[in-house]
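# Examination of the molecular architecture
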Amino acid sequence: MNEAISTLKQWIDASDNIVFFGGAGVSTESGIPDFRSVDGLYNQHYRYPPETILSHTFFMAQTAEFYRFYRDKMLCLTAKPNAAHRKLAEWEQQGKLRAVVTQNIDGLHQAAGSKEVLELHGSVLRNYCMRCHKPYDVRDIQKGTGVPKCACGGTIKPDVVLYEEGLDGDILRRSVEYIAAADILIIGGTSLAVYPAAGLIDYYRGDKLVLVNKTATPADRRADLVIHGAIGEVFSQL
Ligand SMILES: [Zn+2]
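Residues numbered from 1 in each chain as written. Predicted model: local features only at pLDDT ≥ 70, side-chain atom pairs only at ≥ 80, totals over all residues. Heavy atoms only, no water.

### Observations concerning the coordination of the zinc ion
Short version of the rule: Listed donors are limited to N, O and S atoms within 2.8 Å of the metal, widened to 3.2 Å for Na, K and Ca; water is not among them, so incomplete-looking sites are possible. Key to geometry: four donors with every angle between 85 and 135 degrees are tetrahedral; four donors are square planar and six octahedral where opposite donors lie over 155 degrees apart and all remaining angles lie between 65 and 115; all other sites are irregular. Strands are runs of DSSP state E lasting at least 2 residues, helices are runs of H or I lasting at least 4, and numbering of each runs from the N terminus. Buried residues are those whose accessible area, probed at 1.4 Å on protein chains only, stays under 20% of the maximum for their type, while exposed residues exceed 50% and partly exposed ones sit between those limits.
Looking at the zinc ion, the protein donor atoms are Cys129 (SG), Cys132 (SG), Cys150 (SG) and Cys152 (SG), and they sit 2.2 to 2.3 Å from it. What the 4 donor atoms of the zinc ion show is an angle range of 101 to 118° at the metal, which sorts the shape as tetrahedral. Of note, the zinc ion draws all its donor residues from one chain, in the sequence arrangement C-x2-C-x17-C-x1-C. Of the two residues, Cys132 sits in the loop between strand S4 (122-129) and strand S5 (135-137) while Cys150 sits in the loop between helix H8 (138-143) and strand S6 (156-160), which places them 18 residues apart along the sequence. For Cys150, a relative accessible area of 8% gives the class buried.

Here it is in C-alpha cells:
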C-alpha cells in the first residue's frame, strides 16, 4: 500500500461524514464506455458526434436515430458494480458515508447497495411517456426498435439529462448540501473538466479533499490528497 492510500485509509477509518463525487471513470471499470475519454465513443464511427446525438434538439428532431445510438452505446445493462461501487455501499452501511453524488446514469451504485445516490444526470433505468408521464422499464426501451411509444401514442423518453437540458434543481441543491457539510470529499473518475463537477467542489469547506483519477486534473493542486490510479484498484485497498 502506498503512502497516499494509507493516509486516505486513516482518514476514512476516522470519519462518519464522507461524501463521494464520481464521474465516468467509476463506471469504465465495469465496462461502460466513457464517451469523453480517448478510448471512448469518440473513436467509434457514427454519423454525428455523441454530444450532438445526446442533445435535446437531436432527440426531438431525429428520435429514431437517437434511439439507434442510445440502444447501441448507452444501454449496458449487463454491467456489474466494481470494487469502488461496492466499497462506497459498504461505507454507507457502516454509517461512514452520507451520499454518493454521481454523473453516471447506469444505476450501478444502487445495484451495489447504495441508498443515498444523487444522480445529477438521471438514469437510463427510468423512462417515461412525454405525454402522459407513464413510467417504463428500461427493458421496454431495449427490446424494441425505432422510437419507443406509450400506449397513449406519446414518445417515451429516458430520464437522462441530455445536452441543452438543465439539471434537476432538487438533486443539485441536495448535492451542494452534502458537499458543503462533508468532512471528507472524495472525487473519483472525473477529469473535472465539465459542468457541474468543477462548480460543485467549490462548496466543499473541509481540509480533506481527495482526488482519485487515472490522470492529472485541473483540481489536483487544490486537493489535500491526490491518488493517480484506477479507482476500483485504489478502493479495493481501502
Ligand atoms: Zn403515454
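### Side note on helix H6 (residues 83-93)
Test applied: Polar contact criterion, stated in full: a pair of N or O atoms within 3.5 Å, where within protein one must be able to donate a hydrogen and the other to accept it, and residues adjacent in sequence count only if both atoms are side-chain atoms.
Here H6 lies mainly inside the structure; 8 of its 11 residues are buried. For H6, every residue scored as buried is listed here: Ala83, Ala84, His85, Lys87, Leu88, Ala89, Trp91 and Glu92. Regarding H6, its N-cap is Asn82, as a side-chain oxygen of that residue lies 2.8 Å from the backbone nitrogen of Ala84 further along. A positive phi of about 75° marks Gly95, the residue just after H6.

### Here's the deal with the sheet that holds S5
Two strands in a sheet stick together by hydrogen bonds in their backbones, pointing the same way (parallel) or opposite ways (antiparallel). Just so we agree on the cut-off: When DSSP finds two or more bridges between a pair of strands, those strands are recorded as paired. Fitted lines through C-alpha atoms serve as axes, helices being fitted only where they are in contact, and the angles separating the N-to-C directions of these axes extend from 0 to 180 degrees.
Strands sit in the order S5-S4-S6 across an open sheet of 3 strands; the sheet is antiparallel. Only two strands of the sheet have a single neighbouring strand rather than two, namely S5 and S6. Direction aside, neighbouring strands of the sheet carry axes that sit 40° apart on average. Bridge count for S4 against S5 is 3 bridges, and the pairing is antiparallel. If you follow Asn127 over to S5, its bridge partner there is Tyr136.

### A look at the pattern of salt bridges
The condition that has to hold: Put simply, a salt bridge is a Lys or Arg side-chain nitrogen that is within 4 Å of an Asp or Glu carboxyl oxygen.
The full count for this structure, using the stated rule, is 15 salt bridges. The residue Arg68 makes a salt bridge to Glu65 at a minimum N-O spacing of 3.1 Å. One end of the pair, Arg68, and the other, Glu65, are both in helix H5 (residues 63-74), 3 residues apart, so they sit about a helical turn from each other. When its relative accessible area of 46% is taken as the criterion, Arg68 is described as partly exposed. Of the residues examined, Glu65 reaches a relative accessible area of 13% and is grouped as buried. Close ionic contact of Asp140 with Lys143 constitutes a salt bridge, the shortest N to O distance being 3.4 Å. Residue Asp140 and its partner Lys143 are located together in helix H8, separated by 3 residues, close to a single helical turn. Accessibility expressed as a relative area gives 31% for Asp140, which makes it partly exposed. One network of salt bridges, with partners in common, ties together Glu116, Asp170, Arg173, Arg174 and Glu177.

### What about H5?
Under the convention used in this document: For this analysis, residues touch if any pair of their heavy atoms sits within 4.5 Å.
Among the 12 residues in H5, 9 count as buried, and that is most of the element. Within H5, burial applies to Thr63, Glu65, Phe66, Tyr67, Phe69, Tyr70, Arg71, Lys73 and Met74. Buried positions along H5 lie against helix H3 (50-53), helix H4 (56-61), S4, H8 and S6.

### Brief notes about the packing of aromatic side chains
Under the convention used in this document: Aromatic rings from Phe, Tyr and Trp, taking only the six-membered ring of Trp, are treated as a pair when their centres fall within 6.5 Å; an angle between ring planes under 30 degrees marks them as stacked, one over 60 as edge-to-face, and anything in between as tilted. Charge-over-ring contacts are defined here by two conditions on Lys NZ or Arg CZ: a distance within 6 Å of the ring centre and an angle within 35 degrees of the ring normal.
The final tally for this structure, using the stated rule, is 8 aromatic pairs. Connected via pairs of aromatic rings, a cluster forms that spans Phe59, Phe66, Tyr67 and Tyr70. Cation over ring: Lys157 sits above Phe59, and NZ or CZ is 5.5 Å from the ring centre. The cationic tip of Lys208 hangs over the ring face of Trp11; the distance from NZ or CZ to the ring centre is 5.8 Å.

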